[in-house]
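# Fold and contact review
Letter by letter, the chains look like this.
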Amino acid sequence: MKIIMLGAPGAGKGTQAKMIAAKYEIPHISTGDIFRANIKNGTELGKKAKEYMDRGALVPDELVVDLIMDRFAQDDCKNGYVLDGFPRTIPQAEALDAALAKNNETVDYAINVDVPDENIVNRMGGRRACVGCGATYHIKYNPPKVEGICDTCGAELILRDDDKPETVLNRLSVYHEQTQPLIDYYEKAGIVRNVDGTQDMKDVFDAIVAILEG
Ligand code: AP5
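All of the points below concern the structure found in this document. Small disclaimer: the values here were computed from a predicted structure and weren't measured.

## Describing the side chain of Q16
When you line up the elements, Q16 lands in helix α1 (residues 13–24). Contact partners of Q16, with chain neighbours within four places excluded, come to M5, M201, V204, F205 and I208.

## Let's talk about the packing of aromatic side chains
Under the criterion given, the structure shown has 2 aromatic pairs. Where F72 meets Y81, the ring centres are 4.6 Å apart and the plane angle is 10°; that geometry is what we call stacked. Of the two residues examined, F72 and Y81, each falls in the buried class. A centroid spacing of 5.0 Å and a plane angle of 80° characterise the contact between Y185 and Y186, whose relative ring orientation is edge-to-face.

## A short note on the pairing of strand β3 (residues 81–84)
Covered by surrounding structure in β3 are Y81 and L83 together with V82 and D84, the residues of both alternating faces. Relative to β3, strand β1 (residues 2–6) runs parallel, the two sharing 4 bridges. Its bridge partner lying in β3, M5 is registered against D84. In this sheet, β3 lies alongside strand β2 (residues 28–30) in parallel orientation, the contact comprising 3 bridges. When the bridges of β3 are listed, H28 appears paired with V82.

## A word on the site of the ligand
Taken together, 36 residues are adjacent to the ligand, and T15, A57, R88, R127 and R171 come closest. A11 places a polar main-chain atom, nitrogen or oxygen, 3.2 Å from an oxygen atom of the ligand. A distance of 2.9 Å separates an oxygen atom of the ligand from a polar side-chain atom of K13. A total of 1,000 Å² of accessible area belongs to the ligand in isolation, and the protein chains cover 96% of it. Mapped onto the shell around the ligand, the elements with two or more residues apiece are α1, α2 (31–40), α6 (117–126), β6 (136–138) and α9 (201–213). For the shell around the ligand, the element with the highest residue contribution is α2, accounting for 4 residues. In the shell around the ligand, the residues fall into 15 nonpolar, 12 polar and 9 charged.

## Describing the environment of V82
Within the secondary structure layout, V82 lies in strand β3. The exposure class of V82 is buried, given its relative accessible area of 0%. Placed 109 residues apart in sequence, V82 and I191 show a C-alpha to C-alpha distance of 14 Å.

## Let's talk about the layout of surface pockets
A volume near 200 Å³ is recorded for the second largest pocket. What lines the second largest pocket is a set of 13 residues, among which F72, Y81, L100, N103 and E105 lie closest to the centre. For the lining of the second largest pocket, the secondary-structure elements that each account for two or more residues are α4 (61–72) and α5 (90–101).

Reading guide: rules and limits
- Within any chain, residue numbers begin from 1 and follow the written order of that chain's sequence.
- Totals for whole chains, interfaces and linings use every residue, but because this is a predicted model, local features are given only for residues with pLDDT of at least 70 and side-chain atom pairs only at 80 or more, for both listing and counting.
- The side-chain numbers reported here are obtained from all heavy atoms of the structure, hydrogens and water having been left aside.
- Working definition: helices are DSSP H or I runs of at least four residues, strands are E runs of at least two. Numbering for both runs from the N terminus.
- Here, two residues are considered to be in contact whenever any of their heavy atoms come within 4.5 Å of each other.
- Classification of ring pairs uses Phe, Tyr and Trp, with its six-membered ring standing for Trp, and accepts pairs whose centres are within 6.5 Å; under 30 degrees between planes counts as stacked, over 60 as edge-to-face, and the remaining range as tilted.
- Three exposure classes are used, based on accessible area relative to the maximum for each residue type with a 1.4 Å probe and protein chains only: buried under 20%, partly exposed in between, and exposed over 50%.
- At least two DSSP bridges between two strands are needed for those strands to be called paired.
- In these notes, residues near a molecule or strand are those with any non-hydrogen atom within 4 Å of it.
- Pairing of N or O atoms within 3.5 Å defines a polar contact, subject to two protein rules: one partner must be a possible hydrogen donor and the other a possible acceptor, and residues neighboring in sequence count only if both atoms are side-chain atoms.
- Per-residue and other accessible areas follow the Shrake-Rupley method at a 1.4 Å probe size, with only the shown protein chains counted as cover for residues.
- Residue polarity follows a fixed list, in which Ala, Val, Leu, Ile, Met, Phe, Trp, Tyr, Cys and Pro are nonpolar, Asp, Glu, Lys and Arg are charged, and the others, Gly among them, are polar.
- The pocket and cavity definitions rest on a 1 Å grid over protein atoms only: a 1.4 Å probe that fits but cannot leave marks a cavity, an open set with protein on both sides within 12 Å along at least five of seven lines marks a pocket, and residues lining either have an atom within 4 Å of a point.
- Grid points are joined across faces, edges and corners, and a volume is the space filled by probe spheres set on the points.

Keep in mind these values describe shape, not function.
Shown next, in the form of C-alpha coordinates:
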(Lines give C-alpha, C1' and ligand atoms only; values in the text may rest on other atoms or scores of the structure.)
Protein backbone atom coordinates (compact mmCIF):
# COMPACT_ATOMS: atom_id res chain seq x y z
CA MET A 1 0.00 0.00 0.00
CA LYS A 2 1.42 3.38 -1.05
CA ILE A 3 -0.09 6.33 0.77
CA ILE A 4 0.60 10.06 0.56
CA MET A 5 -0.38 12.36 3.42
CA LEU A 6 -1.52 15.79 2.26
CA GLY A 7 -2.41 18.77 4.43
CA ALA A 8 -1.15 22.06 5.81
CA PRO A 9 1.82 22.25 8.18
CA GLY A 10 0.54 21.10 11.55
CA ALA A 11 -2.58 19.41 10.16
CA GLY A 12 -1.52 16.18 11.83
CA LYS A 13 0.08 14.36 8.89
CA GLY A 14 3.00 13.09 10.95
CA THR A 15 0.80 12.03 13.87
CA GLN A 16 -1.47 10.00 11.57
CA ALA A 17 1.35 8.68 9.36
CA LYS A 18 3.06 7.12 12.40
CA MET A 19 -0.20 5.38 13.39
CA ILE A 20 -0.81 4.12 9.83
CA ALA A 21 2.79 2.84 9.63
CA ALA A 22 2.42 0.94 12.90
CA LYS A 23 -0.95 -0.61 12.00
CA TYR A 24 -0.06 -1.68 8.45
CA GLU A 25 3.64 -2.42 9.11
CA ILE A 26 4.94 -0.14 6.39
CA PRO A 27 7.65 2.51 6.80
CA HIS A 28 6.76 6.10 7.64
CA ILE A 29 8.90 8.29 5.40
CA SER A 30 9.00 11.94 6.46
CA THR A 31 11.23 14.24 4.41
CA GLY A 32 11.07 16.78 7.26
CA ASP A 33 12.40 14.15 9.72
CA ILE A 34 15.15 13.15 7.28
CA PHE A 35 16.24 16.78 6.91
CA ARG A 36 16.13 17.36 10.69
CA ALA A 37 18.30 14.26 11.25
CA ASN A 38 20.79 15.61 8.70
CA ILE A 39 20.82 19.01 10.42
CA LYS A 40 21.44 17.34 13.77
CA ASN A 41 24.32 15.32 12.32
CA GLY A 42 25.83 18.38 10.62
CA THR A 43 25.83 16.86 7.10
CA GLU A 44 26.21 18.95 3.92
CA LEU A 45 22.58 18.17 3.04
CA GLY A 46 21.51 19.31 6.51
CA LYS A 47 23.41 22.60 6.17
CA LYS A 48 21.77 23.32 2.82
CA ALA A 49 18.28 22.32 4.01
CA LYS A 50 18.51 24.41 7.18
CA GLU A 51 18.84 27.64 5.19
CA TYR A 52 15.38 27.02 3.72
CA MET A 53 13.66 25.36 6.65
CA ASP A 54 14.50 28.12 9.15
CA ARG A 55 12.54 30.65 7.11
CA GLY A 56 9.68 28.30 6.29
CA ALA A 57 10.62 27.96 2.61
CA LEU A 58 10.74 24.67 0.71
CA VAL A 59 14.04 22.89 0.15
CA PRO A 60 14.78 22.85 -3.64
CA ASP A 61 13.13 19.96 -5.53
CA GLU A 62 16.39 18.45 -6.79
CA LEU A 63 17.72 17.91 -3.24
CA VAL A 64 14.44 16.34 -2.10
CA VAL A 65 13.89 14.07 -5.08
CA ASP A 66 17.39 12.51 -5.00
CA LEU A 67 17.04 11.90 -1.28
CA ILE A 68 13.65 10.23 -1.53
CA MET A 69 14.63 8.03 -4.49
CA ASP A 70 17.51 6.65 -2.40
CA ARG A 71 15.07 5.95 0.41
CA PHE A 72 12.64 4.07 -1.89
CA ALA A 73 15.48 1.78 -2.94
CA GLN A 74 15.76 0.38 0.59
CA ASP A 75 14.39 -3.08 1.34
CA ASP A 76 11.68 -2.03 3.78
CA CYS A 77 9.83 -0.16 0.99
CA LYS A 78 8.95 -3.35 -0.90
CA ASN A 79 5.41 -3.57 0.51
CA GLY A 80 4.70 0.14 0.32
CA TYR A 81 5.06 3.17 2.56
CA VAL A 82 3.31 6.19 3.97
CA LEU A 83 4.82 9.43 2.70
CA ASP A 84 4.65 12.45 5.01
CA GLY A 85 5.82 15.79 3.57
CA PHE A 86 6.59 14.42 0.11
CA PRO A 87 5.59 15.28 -2.55
CA ARG A 88 5.15 18.95 -1.83
CA THR A 89 5.29 20.49 -5.31
CA ILE A 90 3.96 19.43 -8.71
CA PRO A 91 7.50 18.62 -9.99
CA GLN A 92 8.02 16.35 -6.93
CA ALA A 93 4.70 14.58 -7.65
CA GLU A 94 5.69 14.11 -11.29
CA ALA A 95 9.07 12.70 -10.25
CA LEU A 96 7.31 10.24 -7.92
CA ASP A 97 4.85 9.16 -10.63
CA ALA A 98 7.69 8.69 -13.13
CA ALA A 99 9.70 6.57 -10.67
CA LEU A 100 6.69 4.38 -9.85
CA ALA A 101 5.68 4.04 -13.53
CA LYS A 102 9.02 2.33 -14.26
CA ASN A 103 7.70 -0.62 -12.19
CA ASN A 104 4.07 -0.27 -13.34
CA GLU A 105 3.14 1.05 -9.88
CA THR A 106 0.97 3.96 -8.73
CA VAL A 107 0.07 5.66 -5.45
CA ASP A 108 -3.04 4.08 -3.88
CA TYR A 109 -4.34 6.93 -1.71
CA ALA A 110 -3.66 10.62 -1.12
CA ILE A 111 -5.18 11.32 2.30
CA ASN A 112 -5.89 15.03 2.73
CA VAL A 113 -6.01 15.96 6.42
CA ASP A 114 -8.08 19.12 6.36
CA VAL A 115 -7.55 21.73 9.11
CA PRO A 116 -8.36 25.46 8.68
CA ASP A 117 -5.46 27.93 8.96
CA GLU A 118 -6.90 29.52 12.12
CA ASN A 119 -6.43 26.24 14.04
CA ILE A 120 -2.88 25.72 12.81
CA VAL A 121 -0.93 28.51 14.53
CA ASN A 122 -2.43 27.51 17.86
CA ARG A 123 -1.50 23.86 17.33
CA MET A 124 2.07 24.60 16.31
CA GLY A 125 2.76 26.77 19.35
CA GLY A 126 1.86 23.77 21.52
CA ARG A 127 3.83 21.15 19.60
CA ARG A 128 6.95 19.74 21.25
CA ALA A 129 9.43 17.55 19.38
CA CYS A 130 11.93 15.12 20.86
CA VAL A 131 15.57 15.98 20.13
CA GLY A 132 16.45 12.27 20.44
CA CYS A 133 13.92 10.19 18.49
CA GLY A 134 11.78 12.85 16.77
CA ALA A 135 8.53 11.83 18.51
CA THR A 136 5.95 14.61 18.54
CA TYR A 137 3.71 15.77 21.38
CA HIS A 138 1.30 18.59 22.07
CA ILE A 139 1.25 20.31 25.46
CA LYS A 140 -2.57 20.19 25.52
CA TYR A 141 -3.80 17.53 23.07
CA ASN A 142 -1.07 14.90 23.46
CA PRO A 143 1.13 15.74 26.47
CA PRO A 144 4.11 13.60 27.53
CA LYS A 145 3.86 11.80 30.89
CA VAL A 146 6.58 14.07 32.33
CA GLU A 147 6.66 17.65 31.12
CA GLY A 148 9.54 18.35 28.72
CA ILE A 149 10.70 14.70 28.54
CA CYS A 150 10.05 12.18 25.75
CA ASP A 151 8.00 9.13 26.85
CA THR A 152 9.79 6.94 24.32
CA CYS A 153 13.49 7.75 24.76
CA GLY A 154 13.73 10.13 27.73
CA ALA A 155 15.38 12.95 25.75
CA GLU A 156 14.44 16.63 25.96
CA LEU A 157 11.37 18.02 24.17
CA ILE A 158 11.73 21.35 22.34
CA LEU A 159 9.72 23.82 20.26
CA ARG A 160 10.94 23.37 16.67
CA ASP A 161 12.71 26.49 15.27
CA ASP A 162 10.19 26.64 12.43
CA ASP A 163 7.19 26.44 14.81
CA LYS A 164 7.58 30.07 15.91
CA PRO A 165 4.41 32.00 14.91
CA GLU A 166 6.05 34.21 12.23
CA THR A 167 7.63 31.18 10.51
CA VAL A 168 4.39 29.18 10.74
CA LEU A 169 2.57 31.97 8.86
CA ASN A 170 5.18 31.81 6.10
CA ARG A 171 4.93 28.00 5.95
CA LEU A 172 1.15 28.31 5.58
CA SER A 173 1.48 30.73 2.70
CA VAL A 174 4.09 28.48 1.01
CA TYR A 175 1.69 25.56 1.54
CA HIS A 176 -1.23 27.34 -0.16
CA GLU A 177 0.91 28.46 -3.06
CA GLN A 178 3.04 25.37 -3.78
CA THR A 179 1.55 22.31 -2.07
CA GLN A 180 -2.23 22.75 -2.09
CA PRO A 181 -2.28 22.41 -5.94
CA LEU A 182 -1.35 18.75 -5.35
CA ILE A 183 -4.91 18.14 -4.17
CA ASP A 184 -6.14 18.90 -7.73
CA TYR A 185 -3.26 16.89 -9.19
CA TYR A 186 -4.28 13.76 -7.25
CA GLU A 187 -8.03 14.47 -7.69
CA LYS A 188 -7.41 13.95 -11.40
CA ALA A 189 -5.98 10.52 -10.58
CA GLY A 190 -9.09 9.81 -8.45
CA ILE A 191 -7.13 8.95 -5.32
CA VAL A 192 -7.81 11.89 -2.95
CA ARG A 193 -9.71 11.10 0.24
CA ASN A 194 -10.56 14.01 2.56
CA VAL A 195 -10.53 13.64 6.33
CA ASP A 196 -11.65 16.25 8.87
CA GLY A 197 -8.41 16.89 10.79
CA THR A 198 -10.06 19.05 13.46
CA GLN A 199 -11.44 15.95 15.17
CA ASP A 200 -9.73 14.20 18.06
CA MET A 201 -6.56 12.33 16.88
CA LYS A 202 -8.17 8.92 17.43
CA ASP A 203 -11.27 9.90 15.40
CA VAL A 204 -9.07 11.16 12.57
CA PHE A 205 -7.27 7.81 12.59
CA ASP A 206 -10.54 5.84 12.60
CA ALA A 207 -11.70 7.83 9.56
CA ILE A 208 -8.45 7.03 7.74
CA VAL A 209 -8.67 3.32 8.57
CA ALA A 210 -12.28 3.28 7.27
CA ILE A 211 -10.99 4.72 3.98
CA LEU A 212 -8.08 2.28 3.68
CA GLU A 213 -10.27 -0.71 4.51
CA GLY A 214 -13.49 0.53 2.86
P1 AP5 B 1 7.78 18.91 7.75
O2 AP5 B 1 8.50 18.36 8.89
O3 AP5 B 1 7.20 17.99 6.71
O4 AP5 B 1 6.68 19.89 8.30
P5 AP5 B 1 5.17 20.17 7.84
O6 AP5 B 1 4.62 19.60 6.60
O7 AP5 B 1 5.14 21.65 7.87
O8 AP5 B 1 4.39 19.39 8.79
P9 AP5 B 1 4.56 19.35 10.28
O10 AP5 B 1 5.53 18.29 10.68
O11 AP5 B 1 4.84 20.73 10.80
O12 AP5 B 1 3.07 19.03 10.74
P13 AP5 B 1 2.21 17.71 10.63
O14 AP5 B 1 1.09 17.90 9.66
O15 AP5 B 1 3.06 16.50 10.47
O16 AP5 B 1 1.55 17.78 12.07
P17 AP5 B 1 1.84 16.93 13.41
O18 AP5 B 1 1.34 15.54 13.25
O19 AP5 B 1 3.25 17.12 13.87
O20 AP5 B 1 8.71 19.93 6.94
C21 AP5 B 1 9.48 20.92 7.60
C22 AP5 B 1 10.28 21.70 6.55
O23 AP5 B 1 11.17 20.80 5.84
C24 AP5 B 1 9.44 22.38 5.45
O25 AP5 B 1 8.96 23.64 5.86
C26 AP5 B 1 10.48 22.45 4.32
O27 AP5 B 1 11.38 23.52 4.51
C28 AP5 B 1 11.26 21.15 4.46
N29 AP5 B 1 10.71 20.06 3.63
C30 AP5 B 1 10.20 18.87 4.10
N31 AP5 B 1 9.78 18.10 3.08
C32 AP5 B 1 10.01 18.83 1.94
C33 AP5 B 1 9.75 18.59 0.57
N34 AP5 B 1 9.17 17.45 0.13
N35 AP5 B 1 10.10 19.56 -0.32
C36 AP5 B 1 10.69 20.70 0.07
N37 AP5 B 1 10.96 20.99 1.37
C38 AP5 B 1 10.62 20.07 2.29
O39 AP5 B 1 0.83 17.71 14.38
C40 AP5 B 1 1.07 19.07 14.73
C41 AP5 B 1 0.74 19.26 16.22
O42 AP5 B 1 -0.66 19.09 16.41
C43 AP5 B 1 1.42 18.24 17.15
O44 AP5 B 1 1.73 18.86 18.36
C45 AP5 B 1 0.33 17.16 17.36
O46 AP5 B 1 0.48 16.51 18.62
C47 AP5 B 1 -0.93 18.00 17.29
N48 AP5 B 1 -2.05 17.28 16.70
C49 AP5 B 1 -2.03 16.38 15.66
N50 AP5 B 1 -3.26 15.94 15.38
C51 AP5 B 1 -4.11 16.59 16.23
C52 AP5 B 1 -5.53 16.57 16.43
N53 AP5 B 1 -6.33 15.79 15.69
N54 AP5 B 1 -6.04 17.35 17.42
C55 AP5 B 1 -5.23 18.16 18.17
N56 AP5 B 1 -3.89 18.22 18.03
C57 AP5 B 1 -3.34 17.44 17.07
